[in-house]
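Single-letter residue listing:
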Amino acid sequence: MNWLDLGLVVVGLGLLLGALSAVVLSLVWLERKFLGRLQMRLGPMVVGPYGTLQSVADGVKLILKEDIRPDWADIRVFWVAPVLVFVPIFMVWLTIPFGPGLVVQSLDLGLFYVTAFLVTSIVGLVMAGWGSANKYAVLGGLRAAGQLISYEIPVIMVVAAVAMLAQSLNLEVIVAKQGALPYAILMPLGFFLFFVSGLAEVGRTPFDIYEADSEVVGGPFVEYSGPHWAVFFLAEYINTFAVSILTALLFLGGWNWSLTLRDLVGLDSLWAQAIALAEVLIKTYAIFLVIVWIRGTFPRIRIDQLMALGWKGLVPLSFLVVLLNGFYLFYRLPEWSLVAANLAVLGGLFAYLYRRAQTAPSAPTIQRFPARELRRVR
Amino acid sequence: MSLSLALFAVLAAVCLGGGLGVVTSSNVAYAALFLLVSLLAVAGVYVLLLAEFLALVQVLIYGGAVIIVLLFALMLTRIQEFDHVTDNPQKPLAVLAAATLLGVLAVALVRGGPRGNTLQNVDLERLGTALFSSWVIPFEIVGVLLLVVLLGVVIITQARGER
């Protein structure tokens, strides 16, 4: 590595920042429009044709807004926190490919790099909560730490299972290895677990308990306004997009399905690159729309349910995924057996959930303490 | 000056600065955050030594998990009691431990010295093969240790809850 390589990486990151900002504008517009559809209203319509410029207008508003800091907040921690949330989330994109060769820096440990840096942004959330010196912000920060640490484990285990099948941690190799049979078909259980815990990792709606408006009034972000709040907002959407594109690359075969089309125009031509990029983006936006759909459909789950789901449900199941893949690889079993095993577990899971949903809860699940009991120092 | 040397200088400065911040800041929360800076700089040094896997493990375990658990503990204790810890009775012990570590490292550096400049990147496959063949017993022992710790945590918290 020399100065020239470093310069190229820096230029690539700059381009990426611009592209991601544009993507976030489109995501916000798409989310508001789609949510509007789900709720039988139009969504933004005034600024630009079909409201397309609404998110631009919102961005300008946010930047021009007065940046307020509470008098009692811890200045240094308060200002550093948004940076600490944004930087790791942005660093992840260094190695995420948009097509064959369309990547800033292809790393052999790419997948591990992505999971390692996705986690680091928790520190920023906790710092934001603590630095605001607001009880709701502190509670939100604590919630974020607990939630993200818990759901990190299933993500890492499922990612390890994917790496086992692909025999590589390089994202481009993983896509190439999938061929015609994407891992969503080969290991549907892993796909399901990755998607659910990915949703929790980015704090999207059924799992947005650390910024829940009705409980902790915005969580770590309560005291932020203007540009600094915009940084958190940007980070959240970039993170959601990262989980969407990772799902597309790891489980839906990335740019594999358009191979015949790309062969027609010549595999190395610019058109082939454009087609691959288009395929990845279509899959990613489709997954993002599913995330919005879930947001428009499901109620937020309670914090004890969230923890129970993570530790009693997703963590053991993700270990099971690794185990199944181990058996499949070690004994060289046929592919259909892995699919069958995955589907059996998944079917059993849904049957159990359905039966549980049908029966009314027998006793309240929350343990109630009288306030005097809680105040006593243990 | 070559790029790697320049990067090393920056990383070493950040790492030492973070370490100094940990011991000099009077606020425990600041100390934890300085520790994060220091640990991430160590990850950068690992990258310079071509040990990329180790660097990522450092980011994942120390940058993510350890610092979070530390902050968690800080936030669950009463911050007024620990707000300004500038002096405590463990100081002589800390000096002794630091001096011992410094002595050991100095002796090792003088005896061993820098061994040439060739760095070799060990890829993940070789690392994994070594870990699961020649080092499998230590690996299993670490696994058992972690399991014991987990069980211990469960037992301790349950005993407290029942009281």
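Asker: Explanation requested: empty space enclosed by the protein in the structure shown.
Answerer: Space left empty within the atom packing is revealed by a probe, the size of a water molecule, rolled over the atoms. Residues and elements named next belong to chain A. Enumeration over the complete set of coordinates arrives at five cavities of 30 Å³ or more. Approximately 120 Å³ is the volume found for the largest cavity. Surrounding the largest cavity, 14 residues form its lining, Ile 89, Leu 125, Tyr 210, Glu 236 and Asn 239 being those nearest its centre. Listing elements by their share of the lining of the largest cavity, those giving two or more residues are helix H3 (75-91), helix H4 (110-131), helix H8 (188-202) and helix H10 (226-251). Per-element tally for the lining of the largest cavity: the top contributor is H10, with four residues. Among the residues forming the lining of the largest cavity, the class breakdown is nine nonpolar, two polar and three charged. Estimated volume of the second largest cavity: approximately 70 Å³. A breakdown of the residues in the lining of the second largest cavity according to their chemical character gives seven nonpolar, two polar and one charged.

Asker: Which parts of the structure should I look at to understand the environment of A:Gly110?
Answerer: Residues and elements named next belong to chain A. Note on placement: Gly 110 falls in helix H4. On the accessibility criterion, Gly 110 (0% relative accessible area) is buried. Sequence separation of Gly 110 and Gly 190 is 80 residues, and the distance between their C-alpha atoms is 19 Å. If near-sequence neighbours (up to four positions away) are discounted, Gly 110 is found in contact with Thr 95 and Leu 169.

Asker: Explanation requested: the interface of chain B and chain A in the structure shown.
Answerer: Many authors give the size of an interface as the accessible area that is lost as the parts come together. Contact with chain B, which involves 28 residues of that partner, is made by 31 residues of chain A. Between chain B and chain A the total buried area reaches about 2500 Å² when both faces are included, carbon and sulfur atoms providing 83% of it. Joining chain B to chain A, the criterion identifies one residue pair in polar contact (both at pLDDT 80 or more). Broken down by secondary-structure element, the contributors of at least two residues to the side of chain B that touches chain A are helix H2 (28-48), helix H3 (52-76) and helix H7 (136-162) of chain B. No other element matches H3(B), which puts 15 residues into the side of chain B that touches chain A. Among the residues forming the side of chain B that touches chain A, the class breakdown is 20 nonpolar, four polar and four charged.

Asker: What am I meant to see in the environment of A:Val290 here?
Answerer: Relative to the helices and strands, A:Val290 resides in helix H12 (residues 270-297). When the C-alpha atoms of A:Val290 and A:Val158 are compared, they prove to be 20 Å apart, with 132 residues separating the residues in sequence.

Asker: What should I look at first to understand the domain arrangement of chain A in this one?
Answerer: All names here are of chain A. Partitioning chain A into structural domains gives domain 1 (16-64) and domain 2 (69-357). Measuring from the centre of the C-alpha atoms in domain 1 to the corresponding centre in domain 2 gives 23 Å. Taken over both partners, the interface formed by domain 1 and domain 2 buries close to 1900 Å², and the fraction arising from carbon and sulfur atoms is 85%. Three residues stand out in domain 1 for area buried against domain 2, namely Leu 27, Glu 31 and Leu 62, and they jointly supply 31% of the buried area on that side. Counting every contact that joins domain 1 to domain 2 gives two salt bridges. In this structure, Arg 204 and Glu 31 form a salt bridge, with 2.6 Å as the shortest nitrogen-oxygen distance. Summed over the shared surface of domain 1 and domain 2, the number is four residue pairs in polar contact (both at pLDDT 80 or more). At the level of elements, helix H1 (3-38) and helix H2 (54-64) are the ones that each hand at least two residues to the side of domain 1 that touches domain 2. Counted by class, the side of domain 1 that touches domain 2 contains 13 nonpolar, one polar and one charged residues.

Asker: How do you make sense of the packing of H1(A) against H12(A) when you look at a structure like this?
Answerer: Think of two packed helices as two axes; the pair is described by the angle between the axes and how far apart they sit. Residues and elements named next belong to chain A. Running from N to C, H1 and H12 cross one another at 45 degrees; their axes reach a closest spacing of 10 Å. For the element pair H1 / H12, the angle class is oblique. Helix-helix and strand crossings are classified by hand; for H1 and H12 the assignment is right-handed. Packed against H1, whose contacting residues are Val 23, Ser 26, Leu 27, Leu 30, Glu 31, Phe 34, Leu 35 and Leu 38, the element H12 presents Tyr 285, Phe 288, Leu 289, Val 292, Trp 293, Arg 295 and Gly 296 at the interface. A per-class count over the contact of H1 with H12 returns 11 nonpolar, two polar and two charged.

Reading the values: rules and limits
- Going along each chain's sequence as written, the residues are numbered from 1 onward.
- For naming, the first written chain is A and the first written ligand is 1, with later ones following in the order written.
- Local features in this predicted model are restricted to residues whose pLDDT is 70 or higher, and side-chain atom pairs enter the listing and the counts only when it is 80 or higher, whereas totals over whole chains, interfaces and linings include all residues.
- As a rule here, side-chain values come from all non-hydrogen atoms in the structure, and water together with hydrogens is ignored.
- Definitions used for this entry: grid spacing 1 Å over protein atoms alone; cavity, a set of points where a 1.4 Å probe fits but cannot get out; pocket, an open set with protein on both sides within 12 Å along at least 5 of 7 lines; lining residue, one with an atom within 4 Å of a point.
- Grid points are joined across faces, edges and corners, and a volume is the space filled by probe spheres set on the points.
- Strands here mean DSSP runs of E at least two residues long; helices mean DSSP runs of H or I at least four residues long; both are numbered from the N terminus.
- Note that Gly is not counted as nonpolar here; it falls among the polar residues with everything else outside the nonpolar set of Ala, Val, Leu, Ile, Met, Phe, Trp, Tyr, Cys and Pro and the charged set of Asp, Glu, Lys and Arg.
- The classification of residues rests on relative accessible area computed with a 1.4 Å probe and restricted to protein chains. Under 20% of the type maximum is buried, over 50% is exposed, and intermediate values are partly exposed.
- Here, two residues are considered to be in contact whenever any of their heavy atoms come within 4.5 Å of each other.
- Put simply, buried area is the surface a 1.4 Å probe can reach on two separate parts but cannot reach once they are joined, added for both.
- For the purposes of these results, a polar contact is taken to be a pair of N or O atoms within 3.5 Å, where, inside protein, one atom must be able to donate a hydrogen and its partner to accept one; residues adjacent in sequence count only when each atom of the pair is a side-chain atom.
- What fixes the domain bounds is an automatic or database domain assignment.
- Salt bridges are counted wherever a side-chain nitrogen of Lys or Arg sits within 4 Å of a carboxyl oxygen of Asp or Glu.
- A fitted line through C-alpha atoms represents every axis, and for helices the fit uses only the stretch in contact; the resulting angles, taken between N-to-C directions, go from 0 to 180 degrees.
- Each angle is binned into one of four classes, with values under 35 degrees roughly parallel, values over 145 roughly antiparallel, values of 65 to 115 roughly perpendicular, and all other values oblique.
- Crossing handedness is defined as follows: a turn of the near helix away from the far one that is anticlockwise and smaller than a right angle gives a left-handed crossing, while the clockwise case is right-handed.

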